[in-house]
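Spelled out, the chains give:
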Amino acid sequence: MTVSVFVFSLLGAMAIGMPIAYALLVCGLALMWFMAATGALPAFDSQILAQRFVDGADNFPLLAVPFFLLAGEFMNAGGLSRRIVNLATAWVGHFRGGLGYVAVMAAIIMASLSGSAVADTAALAALLIPMMKRAGYEVNRSAGLISAGGIIAPVIPPSIGMIVFGVAGNVSITKLFLAGIVPGILMGLAIGVTWWWIAKRDDIRPAPRVAMKQRLKITVEGFWALALPVVILGGMKMGVFTPTEAAVVAAVYSFVVGMFIYRELKVRELYGLILAAGKTTAVVMFLVAAAMVSAWLITVANIPGEVVKLLEPFLDNKTLLMFIMMVLVVVIGTALDFTPTVLILTPVLMPVVLKAGIDPVYFGVMFIMNNAIGLITPPVGTVLNVVSGVARISLDDAFKGVMPFFLAQLAVLFLLVLFPDIVLVPLKFLMQ
Amino acid sequence: QFADRTIKFTNGVNEDHPVGVGVKKMQEILAAKTGGKMKINAFWGGSAGNDLQATQALRAGTQEMVCTSSSPLVGIVKELGVFDLPFLFANEKEADAVLDGPAGVYFNKKLEEAGLVNLAYWENGFRNLTNSKRPVAKVEDFEGVKVRVMQNNIFLDTFKTLGTNAVPMAFPEVFTALETKTIDGQENPFVTIETSKFNEVQKYLSVTRHAYTPFLVLYSKKLWDQLSPQEQSVLREAAIEGQKVQRIANRQLNEKSLASLKAKGMVVNDVTPAEQARMFAKVQPVYAKNVPTIGADAVNQVLDALKKARGK
Amino acid sequence: MKKPVDLFFKLLELLVVVSLVAMVIMVFGNVVLRYAFNSGILVSEEMSRYCFIWLTYIGAMIAMRERGHLGVDTLVKHLPRLGKKVCLFISEALMLLCNVLFFVGTWKMHELQVTNVSPVVGISMIWIYGIGYVVAAVMALFNLHVLWRLVSGRITEDELVQVVESEDMPHGDLTDTEALLKDGVRP
Ligand code: NA
Ligand code: NA
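So, how was this worked out
Residues numbered from 1 in each chain as written. Chains lettered and ligands numbered in written order. Predicted model: local features only at pLDDT ≥ 70, side-chain atom pairs only at ≥ 80, totals over all residues. Heavy atoms only, no water. UniProt positions renumbered as here; feature names shortened; annotations may be inferred. Helix = DSSP H or I, 4+ residues; strand = E, 2+ residues; numbered from the N terminus. Buried < 20%, exposed > 50% of the residue type's maximum accessible area, 1.4 Å probe, protein only. Contact = heavy atoms within 4.5 Å. Domains from an automatic or database assignment. Salt bridge = Lys/Arg side-chain N within 4 Å of Asp/Glu carboxyl O. Polar contact = N/O pair within 3.5 Å; in protein donor to acceptor, adjacent residues only side chain to side chain. Axes fitted to C-alpha atoms, helices over the stretch in contact; angles between N-to-C directions. Parallel < 35°, antiparallel > 145°, perpendicular 65-115°, else oblique. Nonpolar A, V, L, I, M, F, W, Y, C, P; charged D, E, K, R; others polar. Arc of directions from axis to C-beta. Core = buried A, V, L, I, M, F, W, Y, C linked by side-chain atoms within 4.5 Å. Buried area = accessible area lost by both parts, 1.4 Å probe. Pairing = 2+ DSSP bridges. Right-handed = clockwise from strand over helix to strand, strands pointing away. Disulfide = S-S within 2.5 Å. pLDDT = per-residue confidence, 0-100.

- Looking at an unreviewed UniProt entry, one finds chain C named TRAP transporter small permease protein, with Ramlibacter lithotrophicus as its source organism.
- Comment text from UniProt for chain C, heading Function (unreviewed entry), reads "Part of the tripartite ATP-independent periplasmic (TRAP) transport system."
- Looking at chain C in UniProt, the text filed under Subunit (unreviewed entry) is "The complex comprises the extracytoplasmic solute receptor protein and the two transmembrane proteins."

- Under an unreviewed UniProt entry, the name given to chain A is TRAP transporter large permease protein, and the organism recorded is Ramlibacter lithotrophicus.
- Recorded in UniProt under Sequence similarities (unreviewed entry), the annotation for chain A is "Belongs to the TRAP transporter large permease family."
- The Subcellular location (unreviewed entry) field of the UniProt record for chain A holds the comment "Cell inner membrane".

**With respect to the overall build of chain C**
- Within chain C one finds seven helices and zero strands.
- Secondary structure of chain C in N-to-C order comes out as α-α-α-α-α-α-α.
- For chain C, the residues scored as buried account for 51% of the 187 residues in total.
- Within chain C, counting contacts between residues at least 6 apart in sequence, those at least 24 apart form 74% of the total.

**Quick notes on the domain arrangement of chain C**
Residues and elements named next belong to chain C.
- Here chain C is partitioned into domain 1 (1-70) and domain 2 (72-187).
- Listed as interface residues are 19 residues of domain 1 and, on the opposing side, 26 residues of domain 2.
- Taken together, domain 1 and domain 2 are joined by zero salt bridges.
- Counting every contact that joins domain 1 to domain 2 gives four residue pairs in polar contact (both at pLDDT 80 or more).
- For the side of domain 1 that touches domain 2, the secondary structure elements donating two or more residues are α1 (2-37) and α2 (44-65).

**Points about the packing of helix α4 (residues 64-77) of chain A against α1 of chain C**
- Between α4 of chain A and α1 of chain C, whose axes approach to 11 Å, the crossing angle comes to 100°. For the element pair α4 of chain A / α1 of chain C, the angle class is roughly perpendicular. Residues P66, F67 and L70 of chain A of α4 of chain A form the contact with α1 of chain C, whose participating residues are L20, M23, V24 and V27 of chain C.
- Its residues assigned to classes, the contact of α4 of chain A with α1 of chain C shows seven nonpolar, no polar and no charged.

**Focus on helix α14 (residues 303-310) of chain A**
Residue and element names in this part refer to chain A.
- Of the residues making up α14, those classed as buried are I303, P304, V307 and V308. One side of α14 holds all its buried residues, which, seen down the axis, span an arc of 145°.
- Along its buried surface, α14 packs onto α1 (2-15), α2 (20-38), α13 (267-300) and α16 (338-356).

**Here we look at the nonpolar core**
- In this structure, F53 and F363 of chain A together with Y57 of chain C are the most contacted members of the largest nonpolar core, which totals 235 residues.
- Looking at this core element by element, the count peaks at 19 residues for α13 of chain A.
- When residues of this core are sorted by domain, at least three fall in each of domain 1 (1-70) and domain 2 (72-187) of chain C.
- Leaving out residues up to four positions away in the same chain, Y57 of chain C has contacts with F53, V54, A57, F286 and A289 of chain A together with F102, I131 and V135 of chain C.

**Quick notes on the UniProt feature "transmembrane region" (unreviewed entry) in chain C**
All names here are of chain C.
- The UniProt feature table records "transmembrane region" (unreviewed entry) at residues 12-35, 47-65, 86-106 and 126-148.
- Strand forms 0% of residues 12-35 and helix 100%; the C-alpha atoms that close the span are 35 Å apart.
- Secondary structure over residues 86-106 splits into 100% helix and 0% strand, and the C-alpha atoms at its two ends are 30 Å apart.

**Focus on the interface of chain A and chain C**
- Contacts between the two partners involve 82 residues from chain A and, on the opposite side, 72 residues from chain C.
- Taking both sides of the interface into account, the surface hidden between chain A and chain C amounts to around 7,100 Å²; carbon and sulfur atoms contribute 73%.
- It is I16, Y22 and V54 of chain A in chain A that bury the most area against chain C; as a group they hold 9% of the surface buried on that side.
- Our enumeration of links across chain A and chain C arrives at five salt bridges.
- Between E245 of chain A and R34 of chain C there is a salt bridge, and its shortest N-O distance comes to 2.8 Å.
- Across the contact surface, chain A and chain C share eleven residue pairs in polar contact (both at pLDDT 80 or more).
- Broken down by element, the residue count for the side of chain A that touches chain C peaks at 16 residues, all from α13 of chain A.

**Describing the pairing of strand β6 (residues 165-168) of chain B**
Residues and elements named next belong to chain B.
- Side chains N165 and V167 of β6 all project onto a buried face; the interleaved residues A166 and P168 project onto the opposite face, where all are buried too.
- Pairing between strand β5 (residues 146-149) and β6: four bridges, direction parallel. Bridge assignment links R148 to a residue of β6, and that residue is V167.
- A crossover links β5 with its parallel partner β6, the connecting element being helix α5 (residues 153-161), and its sense is right-handed.

**A few points about the state of the cysteines**
- On inspection of all chains with the given rule, the structure shows zero disulfides over all chains.
- Just so you know, C27 of chain A is unpaired, no disulfide at all, and the nearest cysteine sulfur is the one on C98 of chain C, 11 Å from it.
- Look at C98 of chain C and you get buried, because its relative accessible area is 1%.

**Here's the deal with the confidence of the model for chain A**
- Per-residue pLDDT for chain A has a mean of 87; in total, 98% of the residues score no lower than 70.
- Averaged pLDDT values for the elements of chain A fall to 79 in helix α7 (residues 117-134) of chain A and rise to 95 in helix α17 (residues 360-373) of chain A.

**Concerning the pairing of strand β7 (residues 185-188) of chain B**
All names here are of chain B.
- Residues of β7 alternate between two faces, with G185 and E187 on one and Q186 and N188 on the opposite face, all of them buried.
- In this structure, strand β4 (residues 116-131) lies alongside β7, joined through four bridges in antiparallel fashion. Note on β7: the bridge partner recorded for T130 is Q186.
- Pairing analysis gives two bridges linking β5 to β7, with the strands arranged parallel.

**Thoughts on the pattern of salt bridges**
- This model, assessed by the stated rule, comprises 31 salt bridges over all chains.
- Put simply, E66 of chain C and K279 of chain A hold a salt bridge, and the shortest N to O gap is 3.0 Å. Separated into two different chains, E66 of chain C in the loop between α2 and α3 (74-77) and K279 of chain A in helix α13 make up a pair that spans both.

**So, the interface of chain A and chain B**
- Facing 26 residues of chain A, the contacting portion of chain B comprises 24 residues.
- A combined buried area of about 1,900 Å² lies between chain A and chain B, and 54% of that area is made up of carbon and sulfur atoms.
- Seen at the junction of chain A and chain B, the total is zero salt bridges.
- The interface formed by chain A and chain B includes three residue pairs in polar contact (both at pLDDT 80 or more).
- Of all the secondary structure elements, the ones that give two or more residues to the side of chain A that touches chain B are α3 (46-56), α11 (212-237), α12 (243-261) and α13 of chain A.
- The element that contributes the greatest number of residues to the side of chain A that touches chain B is α3 of chain A, accounting for five residues.

Now the structure itself:
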């Protein structure tokens, strides 16, 4: 019964176009009212809303969110992103369908620099799609490839999605970060292979080969951008800083490189860039804070217990349970954006995961990967929206273009459902 | 005279902590004495908010119960800072004598003024230091060790004064930070050290017993006043019965945890009474600095009770 | 009326920037001090969290004005004008209710926060939780404004949907290919 109050109040409030943050508050109020009426709470009390709402934003690990967003702003404005694309072009541009491999390689490198799929994809699309158009690539395919490449960002560390999940689900963020590396690279390989198959069939003209001397020069130029993931992961592994602090290091690092080494960051731009990162943070965190209000009421109303009971028959079969949960997330991911899905589902699914004995880090990586894939499924596919905007094509065309890559990444996801060791064994190795 | 009530009781610790034994006892007593009318619905591991948030909810009257250590509450009842003072109690017997005597009543009154009814003092216990650098046997060994402490001024002061670099850090970040050696050490009771698996990332365990923290079993004053006298007395009785088993379980489990930490390969060292006295001497400035903020009255209450307990 | 409101939001923007810069300085400063000098800023952990809370709520007011909060407009988009109006009315009324409760709840907890001081810095927590007054009041004014425009028939077509579907839609010149390619990408 409480489950239906939860589901209907939340879906109803979202359906009429309320901001999801307020929909979560309305859902919390509905649960509160229901529990007060049935005696599970002493009274319907506005203090619950006021206290839990502000408490929800009071969380040190989440400081990584504004810091990584800030790093992303500095990277795009400071010329780091552009140098990554140059670098990839110099090395793999001359193969058949070479700009496609450029996109895949640049996407993987960018993923290891940035925590957000949309910012990555926007930069990649703006840089690469005009080049691909000029070289005669079919625009729908190009847009599709870049969309599929962009969603690797939240899977390979750093990842804002993993931080939000780690905080909401009480899972080690360092472990999530390390566990995401292999699946992220697999996603890249999958779309690379798919592209190879398409390029062979379509016989696309390659870009001219770049001379070795020039290549080395471009690589040296890109060194400072390439060093960032080494600094982030190395620093965390060596104990110089925690994941939260890694984010601030990334922001300061990309600021210094953009400002003093590449000299593309202008002082007059800074205010706007910081403000942009601050505003995006506020939108994410307002939602997080509101989700903490409903999460408290969800917990107190014992909804996780009811869901565990519902899934009881599947608790013995981890693979089947994972399969069911992943299908559920794919379906929800079509209609809901990344962060809200993470925030709404984590408090409900984590007790199930723990009860069934599924490794929470493994689940987290799969969950984030699945949500990332949701960014390219219509009707709400933010990454797809951005790319179709930059490429000036319709969302339908973009989805047609992304279809083969989407299927390839879905295949990777379900491969990992069948063989969790592909995630867990490298994690064990990396944790040593 | 008993109404149907489901009491929300939140805990920062996990259910396998000795607090779980105490809560279970309370549930049994309530079931037996109220014919199953009053029930405790317990939440574990901070799943329903951290201890300070829960305490504020108690004061607001939106939640019934919490079991919290005294330290996070210092911002609300400053007198509780006494229990953060270093090397105050020498053993559990002294702690019991003080808490179950007039000094305990004194703090209960302070808590009540803040809207909190303390049903009983349970036990978190003596805190000990672990680190990855060296055994800490004398006061000089603290020098330069990076130790995570709670976000609490007296603890920060104590560890700074002892010569460590005191790092305030949220508990969920501690394991990873120890693992990657961002910090060298942390301090907690044996049980917490074992249940948090700190032995996997820490080599040395030094039995410093530098602070004793009680757990408070708090009830919302606002909601308490709505209970009938019978309901109140059965709750008090349950909390006292819970105290007995919780303290025993806590002491047994601490011994067991220490043995198991040894067995798992931690290098354990004791601190001799002479060295402990040197440490106590070194932290005197912490007392001088913090007694005025805590309130001399509160400190004297405890010191007087201690004198009595020590038979002087 | 327009001018003071614009000025107010310019001030809020400034506060967002100041909070974020302060957070960077405190957290980064702590890393440097701990690693290089084996020391640290004790207030850093606590104060950066408080800046974060301020940033969140101040930024949320700006986002509300710019209709930048996340929502699902898929269903509403396909409704006829009247349907959109009905949904908007219910949605704004419910938000108003939330904001009123947020304000009242903050008021009821006022004394509890005044008598709770932060563990390290020692400031009264009303400075943190009191943000509820400002946010709830400003957001409620937005709701009343939209409701009034709706009832008086002044509402425009694009005001009928008040949300966006994703938080980090690229802003400014990120989608401006020319700007990104200012130095040209080498083919
Ligand atoms: Na990433
Ligand atoms: Na989608």
